[in-house]
Each structure stands twice: as structure tokens, then as C-alpha cells.
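# Geometric and topological summary
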Amino acid sequence: MSKFDKYFLMTAEDAAVYAQEKLPRIPWDKESVQAKEIGDGNLNYVFRVFDDKGNSVIVKHAGEALRISAEMKVSTDRNRIESEILMLQDQYAEGLVPKIFMYDTVMCACIMEDLSEYQLMRYALMEHKTFPHFAEDISTYMVNTLLRTSDVVMEHKAKKDLVKSFINPELCEITEDLVLTEPFNDVNHRNKVFPPNMEFVKKELYEDTALHLEAAKIKFDFMNNAQALLHGDLHTGSIFVTQEKTKVFDPEFAFYGPMGYDIGNVIANLIFAWNNGHAYGKGSFCEWIVHTIEEVTDLFIQKFRIAYDRYVNDYMAKTEGFREHYLGTVLADTAAFAGTELLRRTVGMAQVKDITSIEDANKRVYAERVNILSAKKYIMNKHAYKRGADFVCTLFQAAEEAR
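The notes below deal with the structure included here. The structure presented is a predicted model; accordingly, all values stated were derived computationally and were not measured.

### As for the overall build of the protein chain
Scanning the protein chain for helices and strands turns up 14 helices and twelve strands. Over its C-alpha trace the protein chain gives a radius of gyration of 21 Å, about what one expects of a compact globule, namely 22 Å for 403 residues. Projecting the C-alpha coordinates of the protein chain onto the three principal axes gives extents of approximately 60 × 55 × 40 Å. The buried share of the protein chain, taken over its 403 residues, is 61%. Counting contacts in the protein chain only where the partners sit at least 6 residues apart, residues at least 24 apart contribute 71% of the total. Counting every atom, the protein chain has about 17,000 Å² of accessible surface; 51% of that belongs to carbon and sulfur. In the protein chain, which carries 47 positive and 61 negative side-chain charges, the distance between the mean positions of the two groups comes to 1 Å.

Next comes the structure, spelled out in C-alpha cells:
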């Protein structure tokens, strides 16, 4: 009988034993096997298990509550969802996600490819590093995983079966609250507003009723538009990078929703990196970020059109003009959700180190105001965004207004 026959919260020492037991095909050097916790997320416990002979894997283990709040309980089924989605995405975007070796329904843990040679993109961007292949890779990933899991491509019954498989109510509720409700009103009193910006936030967010109406529309579109299989939390803390390669991981928030949610999250998190680079005077880095925002958007549009013509099977979806109509809705959603991500990471409960690590208080105030003003423009004018330059133009307008 194994100690892993009943769920419990693993430590690093447990993870080392667990990997050896679950993957006996790996020729572990039992004398030197050890594990270290490497994750810093809010939901999971992530361990790297390795030995002196070069064998290594990652064990990702689901806790039963958020690490930032023991009161917020979440289903441990999310790791099952993540494992199945990574295996599915590997079929559509091979090489752009980590390989899954096994998933365990008892311990709510998966064992996957070790990506230790990669760097977490958020921290790499905070070091103001640039990645020449990122735009190419992430646009390919998004087109292939989003368009090809939608009704315009998939057989409709098969798609509906996937919708049932990846219903994710607990984690969707987190998004519905922390991203699509609280930043606009602090209704649950969990927002974290930088004190020098308190009056600015009150005026620009809490008292703007026109913004609240648009946010309500966005929230209920998110909840009801089962368009494609989303990653659901596609930020730079869910992406590993090297100078040559990109790997997307951590899709535990995955569910069927509007494509623009994933795309908008990528754009917003590039803006956070721009904030950080601007605060520290990294001009060439900021230029690369601006170029990358444009390139990610424009490459997505270009590849989307090509993939649409290649893969779309639905007869009505082939109607002349429908492709551009469909793409237009995706771009509008992209702008809207770029806005909601900018706001929730600036004033909401779960913030990003790109912003909170800015040491100069005045520069942090400025960065947050750029985010808030950009977000409002994206949300209020979402149908105006047709190309990458449109997103960048709004960022520059907000940067000027924030002065």
C-alpha cells in the first residue's frame, strides 16, 4: 500500500518519493534524488525533482485553498483539467507546451517535462531581457489552440463534449470576481490600491458609471460565450522562455470562453513589462515591447486568416464576409479583456511584480495611471482596435495623459 493512495498536501520530501514511485521507468539515482519547491503561484505547489545523474521532472500538486487566502477554496480537479488540456494543446501547438508524463486523480498532481533551462517570462522581462521569437511563437500558439477548438472548425457535437469536459466553475468564479467585478467597485473590499492613487482610482474606476455598464457587458459575455478552449490565465507568469523557444504552461483556469480573453491577457502583460522598463529608463527594452505588442497582434490576425481558410468546416462559416466579421469580434474582445486585465492587476487582489516592485513611488503612481487610462480606452472603445498599432497608440495616449 502506498502513502499516496489518499490525498494529502505534499512537501518537497514527499514529492521526491512520489516522482520515483509514479515514474519507475526513469532510472533514478535513489541516493541523490531530491526535490525543491519552485512555484510562487497562488493555487499550487510546484516541485522540481532531480538527481545527480541528470534525471529531472516537475511535480505540480493542487492544494485545496488559495495560498493567498485560506478562505478561498478551489476544486483540486483543476490539475486534471490542466493535464488534459496540455495534452490536447500539444496536438495543436506541438512544442509550445510542456509534455505531460502522467496525472494522478488521487493526489491531484501531474508530472511533466522539466523546463529548468527556461526562464519564467515575467522575471526575465523584469530583468529587461528581450526574446526575438516570442511574438512568432505565442501567435502560433493562440491561433492553433483557440481557432481549432471552436465551432467554426470542430464538429459541433465533439466541441460540445469538450465544453462539458472543461467546465471549470470554481476557477471561473475567481475570474468573474477578481477580474470582472471587483476592480470596478471593490464590492468585496479585497482590492489593493496604492495609497497615492486612491483618489484617482475612486474617480476613474469606482465613480465611472459608463465604465461599469461596459464592464457588466464584458463580464456576461465572458460567462456565456463558449467560443473556444481558453488557457484562461495567459500571462507572462504562465510562459517559459529562452532566446530560441517559448513554452506555455499552467492552463488550470481553462474553460470554453471568448478567444479575446487569452489574447488580451498577453497584450496587457506586455504593457506591465513596458511599465517596468519605463520606470527604470530602459528605452531600447520599451521599444522592443511596443514592437512586440504590434507583432503579436498582427501575426495573430495574419495567421488567423490563413488557419480559418485552411481548417474551417462549417458551411455557414464559409459565407463571404463572415471570416472578417468573426475576426472583428475577436479583436474587440481582445481590447476589452486587455483592459480588464490591466485593471485587475493594478488595483485588484492579485497584482503583478512588474508594478509592485517599482521602487520610486512617483514612478509607480505614473505606471498605475497609465494602466488605468489605457484600460478604460480599451474597454470603452473596444470595436476600434483592428491592428497592433491601435493598441500601441492607446498606450502612448495614456502615457501622455498620465503625466
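### Here's the deal with the pairing of strand E3 (residues 56-62)
With six of seven residues buried, E3 is to be regarded as a mostly interior element. As defined by bridge partners, strand E2 (residues 44-50) adjoins E3 across seven bridges and the pair is classed as antiparallel. Paired with phenylalanine 47 across the strands is valine 59, a residue of E3. Here E2 folds back onto E3 in antiparallel fashion, the turn holding five residues, of which glycine 54 has a positive phi close to 95 degrees. In this sheet, strand E7 (residues 109-112) lies alongside E3 in antiparallel orientation, the contact comprising four bridges. Within E7, the residue paired with histidine 61 across the bridge is alanine 109.

### What to know about the pairing of strand E6 (residues 100-104)
Relative to E7, E6 is paired through four bridges, and the arrangement is antiparallel. Bridged to isoleucine 100 within E7 is methionine 112. As consecutive antiparallel partners, E6 and E7 are separated by four residues, and within that stretch cysteine 108 has a phi angle of approximately 55 degrees, a positive value.

### Here we look at the sheet that holds strand E1 (residues 34-37)
Here five strands make up an open sheet; going across it, the order is E1-E2-E3-E7-E6 and the pairing antiparallel. Of all strands in the sheet, those bounded by a partner on one side alone are E1 and E6. Across the sheet, the mean angle from the axis of one strand to that of its neighbour is 20 degrees, orientation sign disregarded. Its contacts with the sheet place helix H1 (residues 12-22) against E1, E2, E3, E6 and E7, and it is angled at close to 65 degrees to E2.

### Thoughts on the packing of helix H7 (residues 198-206) against helix H13 (residues 361-380)
At their nearest, the axes of H7 and H13 sit 11 Å apart, and the two run at 5 degrees to each other. Between H7 and H13, the crossing angle belongs to the class labelled roughly parallel. Counting all contacts with H7, which are made through Phe200, Val201, Glu204 and Leu205, the residues of H13 involved are Arg369, Ile372, Leu373 and Lys376. Among the residues forming the contact of H7 with H13, the class breakdown is five nonpolar, no polar and three charged.

### A word on the packing of aromatic side chains
The tally for this structure, following the rule as stated, stands at 16 aromatic pairs. Here the aromatic rings of tyrosine 261 and phenylalanine 337 are separated by 5.2 Å at their centres, their planes lie at 75 degrees, and the arrangement is edge-to-face. With a gap of 76 residues between them, tyrosine 261 in helix H9 (residues 260-279) and phenylalanine 337 in helix H11 (residues 322-347) connect regions that are remote in the sequence. Each member of the pair tyrosine 261 and phenylalanine 337 is classed as buried.

### Considerations on the environment of asparagine 313
Tracing the sequence through the fold places asparagine 313 in the loop between helix H10 (283-311) and H11. As for asparagine 313 and alanine 210, which are separated by 103 residues in sequence, their C-alpha atoms are 40 Å apart. Setting aside residues no more than four positions away along its own chain, asparagine 313 makes contact with Val152, Val153 and Lys318.

### Let's talk about the side chain of glutamine 89
Its location among the elements puts glutamine 89 in helix H2 (residues 78-92). Looking at glutamine 89, the relative accessible area reads 3%, which means it is buried. Contacts of glutamine 89, omitting those with residues within four sequence positions, involve Glu94, Val97, Tyr141 and Thr145.

### Quick look at the state of the cysteines
For the coordinates displayed, the defined rule picks out zero disulfides. Cysteine cysteine 108 is unpaired, with the sulfur of cysteine 110 as its nearest cysteine sulfur at 11 Å. Assessed through its relative accessible area of 7%, cysteine 108 is described here as buried. Not engaged in a disulfide, the cysteine cysteine 286 finds its nearest cysteine sulfur in cysteine 393; these two sulfurs lie 17 Å apart.

Scoring rules and cut-offs
Residues numbered from 1 in each chain as written. Predicted model: local features only at pLDDT ≥ 70, side-chain atom pairs only at ≥ 80, totals over all residues. Heavy atoms only, no water. Helix = DSSP H or I, 4+ residues; strand = E, 2+ residues; numbered from the N terminus. Rg over C-alpha atoms; globule rule 2.2 N^0.38 Å. Buried < 20%, exposed > 50% of the residue type's maximum accessible area, 1.4 Å probe, protein only. Contact = heavy atoms within 4.5 Å. Areas by Shrake-Rupley, 256 points an atom, 1.4 Å probe, with all protein chains shown as cover. Lys, Arg positive; Asp, Glu negative; His and termini not counted. Charge placed at Lys NZ, Arg CZ, Asp CG, Glu CD. Pairing = 2+ DSSP bridges. Axes fitted to C-alpha atoms, helices over the stretch in contact; angles between N-to-C directions. Parallel < 35°, antiparallel > 145°, perpendicular 65-115°, else oblique. Nonpolar A, V, L, I, M, F, W, Y, C, P; charged D, E, K, R; others polar. Phe/Tyr/Trp six-rings, centres within 6.5 Å; stacked < 30°, edge-to-face > 60°. Disulfide = S-S within 2.5 Å.

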